[in-house]
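Architecture at a glance
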Amino acid sequence: MNIFEAIREDHDIQRDLLKKLIETSGDTNKRDALFKAIKTQLHVHADAEERHFYKPLISSDMMQEHARHGIAEHHEIDELIEQLEETDYDSSAWLKIAKDLKHKVEHHLEDEEHAFFQMAGKVFNETQKKSLATDYKKHMKSNL
């Protein structure tokens with residue numbers, strides 16, 4: 001497995017959790033459980049990705065701006081999660097913010113999968129891609 005496949009696996013989990021989250025309504029156990037799951041998944045994923053994908057790319061002239069952009073989007077996602085934490089589950093605003101979060105995350109995933117990965121593929125050699133995947137997966141497993 002290479003770093004791109006490892007990250008894409010987690011992206012699929014995030015898409016599924018977000019889809020399920022916005023289908024919930026009110027102050028329910030299901031909404032609470034899904035929100036906690038996506039919050040944890042996004043937090044651990046962002047940390048692992050920044051350490052084992054973006055950090056190694058920062059030194060590349062071709063990827064530096066893209067890496068910074070990806071990290072900035074992680075912070076925007078964190079801000080939306082904070083807004084959700086500060087909003088009551090049964091508030092109509094909660095669902096709107098959750099939809100904004102879904103949109104922001106999906107935009108970020110698309111950027112990575114359709115632009116960043118192709119460019120990063122030119123920066124890393126095959127050994128690096130596999131090594132980064134191993135480190136990334138280890139980080140995810142030990143922090144989820």
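My aim in this report is to walk through the structure given alongside it, one point at a time. (Residues numbered from 1 in each chain as written. Predicted model: local features only at pLDDT ≥ 70, side-chain atom pairs only at ≥ 80, totals over all residues. Heavy atoms only, no water.)

Overview of empty space enclosed by the protein
- On inspection of all chains with the given rule, the structure shows one cavity of 30 Å³ or more.
- Reported here for the largest cavity is a volume of approximately 80 Å³.
- Gln14, Leu42, His43, His45, Ala46, His74, Ile77, Asp78, Val105, His108 and Leu109 are the residues that line the largest cavity.
- Those elements giving two or more residues to the lining of the largest cavity turn out to be α2 (29-58), α3 (64-85) and α4 (92-123).
- Broken down by element, the residue count for the lining of the largest cavity peaks at four residues, all from α2.
- Taken together, the residues that form the lining of the largest cavity break down as five nonpolar, five polar and one charged. (1 Å grid on protein atoms, 1.4 Å probe; cavity = no way out; pocket = protein on both sides within 12 Å on 5 of 7 lines; lining within 4 Å. Points joined across faces, edges and corners; volume = space filled by probe spheres on them. Helix = DSSP H or I, 4+ residues; strand = E, 2+ residues; numbered from the N terminus. Nonpolar A, V, L, I, M, F, W, Y, C, P; charged D, E, K, R; others polar.)

Some words on the packing of helix α1 (residues 3-22) against α4
- Interaxial distance between α1 and α4 falls to 10 Å at its minimum, and their mutual angle equals 165 degrees. In terms of orientation, α1 lies roughly antiparallel with respect to α4. Relative to α4, α1 is oriented so that their crossing is left-handed.
- Residue composition of the contact of α1 with α4, by class: 13 nonpolar, three polar and eight charged. (Axes fitted to C-alpha atoms, helices over the stretch in contact; angles between N-to-C directions. Parallel < 35°, antiparallel > 145°, perpendicular 65-115°, else oblique. Left-handed = near helix turned anticlockwise from the far one by under 90°.)

Notes on the nonpolar core
- Core analysis: the biggest nonpolar cluster contains 20 residues, and Ile3, Phe4, Phe53, Leu57, Ala120, Phe124 and Tyr136 have the highest contact counts within it.
- When contributions to this core are tallied by element, the ones reaching two or more residues are α1, α2, α4 and α5 (126-143).
- Ile3 has contacts with His52, Phe53, Lys129, Leu132, Ala133 and Tyr136, leaving out every residue within four places of it along the chain.
- Residues Ile77, Leu84, Ile97 and Leu101 belong to the second largest nonpolar core, which totals 18 residues. (Core = buried A, V, L, I, M, F, W, Y, C linked by side-chain atoms within 4.5 Å. Buried < 20%, exposed > 50% of the residue type's maximum accessible area, 1.4 Å probe, protein only. Contact = heavy atoms within 4.5 Å.)

Quick notes on the environment of Arg8
- The topology assignment puts Arg8 in helix α1.
- Arg8 sits 101 residues away from Leu109 along the chain, and the two C-alpha atoms are 8.5 Å apart.
- The contacts of Arg8, once residues within four sequence positions are left out, are Glu113 and Phe117.

Remarks on α3
- End to end, α3 covers 32 Å across 22 residues, agreeing with the expected 32 Å (1.5 Å per residue, within 8%).
- Turning to α3, its buried residues number three or more, namely Ala67, Gly70, Glu73, His74, Ile77, Leu80, Ile81 and Leu84. In a view along the axis of α3, the buried residues occupy a sector of 130 degrees, so they form one face of it.
- Considering only its buried residues, α3 is in contact with α2 and α4. (Expected span 1.5 Å × (residues − 1). Arc of directions from axis to C-beta.)

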